[in-house]
Amino acid sequence: MEGLLNGRYRLGDPLVHEGPGELFAAQDLLTGASCQVRVLAAQAPKGALGPLLEGRVRHPHIEAVLGSEAVLDPTRGTSTGRWLVASERVEGETLGALPDQAAALARVGLGVLAALEGLAALGLCHGGLTPSRLLLTPGGVKLLDPGLHALSGEEPRYPAPEGRRDARADLYALGACLYEHATGRVPDPRHPIPLRELRGELPPSLERAVALLLEEDPRRRAELDEVRGLLGEAAGSGALSPSRLPPTIDPSWVGRRELLGELEALATEAQTAAAAGRAARSAAPGPPTFLRLVAPAGYGKSRLLAEAGRRLCARDVVVLSGRVFEARDPAGAWRALLERAAAHGA
């Protein structure tokens, strides 16, 4: 794997991980922040996961995705057929490090329930909940790899009895995680052995909460007030209540969507003209179109163009970016570069 992806993410050491693709420690050269990058053999995701995988969803119990985009060939700038997901680097311990205590397990259940409710409030689901994707941190449990299933096609470890992949199936997977941690067994999807038949010392409230989450009827699983109350009882009066605040969506592009749309429309026109030229077997390429974006420092020009470039790359549009230090003719360097590329059939 290359040491630098898309001119932005400098890859470090590979990380031990669960799930598809390759995972690396990384540095985001745009922000200077440490992060991690997962590289998948996948294409652009479809549907409602947009805000999540664009890095605009924030919740205290969900790993923050910083962004996702097509992995580009460093020499041609075209898509390689792979996809990257950059996310925050969360430090903590897996569920296996949790003390064998009912109260501790119930507190984890409350935190994950809050995270799943947050995703469901946006019409999203996790789709791949497993014990290793629950990380214990000083600030509470964190749910890792949100949205990964939509990119990877990964099969769930705990498929719900109804065979669906949605918010209610996530609740079943949460119950299965808690059940397996408490008993060392994966529950039977149709007839799970009651928790206290295997661990008689566990409180009835925890057994009832897990039983509700494992209900074969998904409508019963959705009775979250009862589940939350039972987990809270098992966690004890001294337990900290996890955040039930809805996730926030960063309105980064509010007020700039029109400009983004204009940039994408220009690219569409260029693609159409190029296709017409190829159809006519024209030897001479058409003149390039230059758009000059002028605004005061700090307005967000670089970020706006980076977002436009990310969207265009997902449509297999070749995007060149860089800085030109030429006050009299700032487009001149690009014009010469494009003319040389066209002459060589690039």
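The structure we're discussing is the one just above.
What counts and how
Residues numbered from 1 in each chain as written. Predicted model: local features only at pLDDT ≥ 70, side-chain atom pairs only at ≥ 80, totals over all residues. Heavy atoms only, no water. Core = buried A, V, L, I, M, F, W, Y, C linked by side-chain atoms within 4.5 Å. Buried < 20%, exposed > 50% of the residue type's maximum accessible area, 1.4 Å probe, protein only. Helix = DSSP H or I, 4+ residues; strand = E, 2+ residues; numbered from the N terminus. Contact = heavy atoms within 4.5 Å. Salt bridge = Lys/Arg side-chain N within 4 Å of Asp/Glu carboxyl O. Pairing = 2+ DSSP bridges. Axes fitted to C-alpha atoms, helices over the stretch in contact; angles between N-to-C directions. Expected span 1.5 Å × (residues − 1). Arc of directions from axis to C-beta. 1 Å grid on protein atoms, 1.4 Å probe; cavity = no way out; pocket = protein on both sides within 12 Å on 5 of 7 lines; lining within 4 Å. Points joined across faces, edges and corners; volume = space filled by probe spheres on them. Nonpolar A, V, L, I, M, F, W, Y, C, P; charged D, E, K, R; others polar. Polar contact = N/O pair within 3.5 Å; in protein donor to acceptor, adjacent residues only side chain to side chain.

Some points on the nonpolar core
Item 1. Val 112, Leu 129, Leu 134, Leu 174 and Leu 206 are the most contacted members of the largest nonpolar core, which has 48 residues in total.
Item 2. Sorting elements by how many residues they give to this core places helix 2 (residues 102-121) first, with eleven residues.
Item 3. Once you skip the residues sitting within four places of it in the chain, Leu 174 turns out to touch Gly 109, Val 112, Leu 113, Leu 116, Leu 129 and Leu 213.
Item 4. Counting residues in each nonpolar core, the second largest holds eleven residues, with Tyr 9, Cys 35, Val 37 and Leu 84 among its members.

Structural notes on the pattern of salt bridges
Item 1. Following the criterion strictly, the structure yields 17 salt bridges and no others.
Item 2. Residue Asp 145 pairs with Arg 38 through a salt bridge whose shortest N-O separation is 3.3 Å. Remark: Arg 38 occurs in strand 4 (residues 34-40) and Asp 145 occurs in the loop between strand 10 (140-143) and helix 3 (148-152); sequence separation between them is 107 residues. In terms of burial, Asp 145 and Arg 38 fall into one category: buried.
Item 3. A salt bridge links Glu 162 to Arg 221; the shortest N-O distance between them is 2.7 Å. Linking Glu 162 in the loop between helix 3 and helix 4 (167-183) with Arg 221 in helix 7 (residues 218-221), this pair joins segments that are 59 residues apart in sequence.
Item 4. Connected through salt bridges with shared partners, the residues Arg 38, Arg 133, Asp 145 and Glu 154 form a single ionic network.

Some remarks on the sheet that holds strand 9 (residues 134-137)
Item 1. Ordered by their spatial adjacency, three strands build an open sheet running 8-9-10, and the pairing between neighbours is antiparallel. Looking along the sheet, the strands with just one partner apiece sit at the ends: strand 8 (93-94) and strand 10.
Item 2. Pairing of strand 8 with strand 9, which is carried by two bridges, proceeds in the antiparallel orientation. Within the sheet, the bridge partner assigned to Thr 94 lies in strand 9 and is Leu 135.
Item 3. Lying on the sheet, helix 2 is in contact with strand 9 and strand 10; it crosses strand 10 at an angle near 40°.

Considering helix 2
Item 1. Given a rise of 1.5 Å per residue, 20 residues ought to cover 28 Å, and the 28 Å separating the end C-alpha atoms of helix 2 matches this to within 8%.
Item 2. The buried fraction of helix 2 amounts to 15 of the 20 residues, a majority that puts the element mostly inside the structure.
Item 3. With its phi angle positive at about 75°, Gly 123 sits one or two positions after the end of helix 2.

A short note on helix 6 (residues 204-213)
Item 1. Listed as buried for helix 6 are Ser 205, Leu 206, Ala 209, Val 210, Leu 212 and Leu 213. Each buried residue of helix 6 lies within a common arc of 160° when the element is viewed along its axis, so the set occupies one face.

Here we look at empty space enclosed by the protein
Item 1. All chains considered together, the criterion is met by three cavities of 30 Å³ or more.
Item 2. Taken as a whole, the largest cavity spans an internal volume of roughly 110 Å³.
Item 3. As for the largest cavity, its lining consists of 13 residues, of which Arg 38, Val 85, Ser 87, Asp 145 and Leu 148 are closest to the centre.
Item 4. For the lining of the largest cavity, the secondary-structure elements that each account for two or more residues are strand 4, strand 7 (79-87) and helix 3.
Item 5. Along the lines of polarity and charge, the residues of the lining of the largest cavity split into seven nonpolar, three polar and three charged.
Item 6. Along its surface, the second largest cavity is lined by 13 residues, and Gly 127, Pro 156, Arg 165, Ala 169 and Asp 170 are the ones closest to its centre.
Item 7. Considering only residue class, the lining of the second largest cavity consists of seven nonpolar, two polar and four charged.

Concerning the environment of Gly 184
Item 1. By the element assignment, Gly 184 lies in the loop between helix 4 and helix 5 (195-198).
Item 2. Since its relative accessible area comes to 62%, Gly 184 is described here as exposed.
Item 3. Through-space distance from the C-alpha of Gly 184 to that of Leu 198 is 9.7 Å; in sequence the pair is 14 residues apart.

Let's talk about the pairing of strand 7
Item 1. Of the pairings in the sheet, the one linking strand 4 to strand 7 comprises five bridges and is antiparallel in character. Each bridged residue has a counterpart across the sheet, and for Arg 38 the counterpart in strand 7 is Val 85.
Item 2. Here strand 6 (residues 65-72) runs beside strand 7; their pairing, made up of six bridges, is antiparallel. Note on strand 7: the bridge partner recorded for Ala 70 is Trp 83.
Item 3. Counting the residues between successive antiparallel strands, the hairpin from strand 6 to strand 7 contains six residues, one of them, Gly 77, with a positive phi of roughly 75°.

Observations regarding the side chain of Asp 170
Item 1. Position of Asp 170 relative to the elements: it lies in helix 4.
Item 2. A polar contact of 2.5 Å, which involves the side chain of Asp 170, links it to the backbone nitrogen of His 126.
Item 3. Discounting chain neighbours no more than four positions away, the residues touching Asp 170 are Leu 116, Cys 125, His 126, Gly 127 and Leu 129.

Here's the deal with the sheet that holds strand 6
Item 1. Strand order across the open sheet formed by six strands is 1-2-3-4-7-6, with antiparallel pairing between neighbours. Pairing within the sheet leaves two strands with one partner each, and these edge strands are strand 1 (4-5) and strand 6.
Item 2. One ladder, built from two bridges, connects strand 1 with strand 2 (residues 9-14); its direction is antiparallel. Each bridged residue has a counterpart across the sheet, and for Leu 4 the counterpart in strand 2 is Arg 10.

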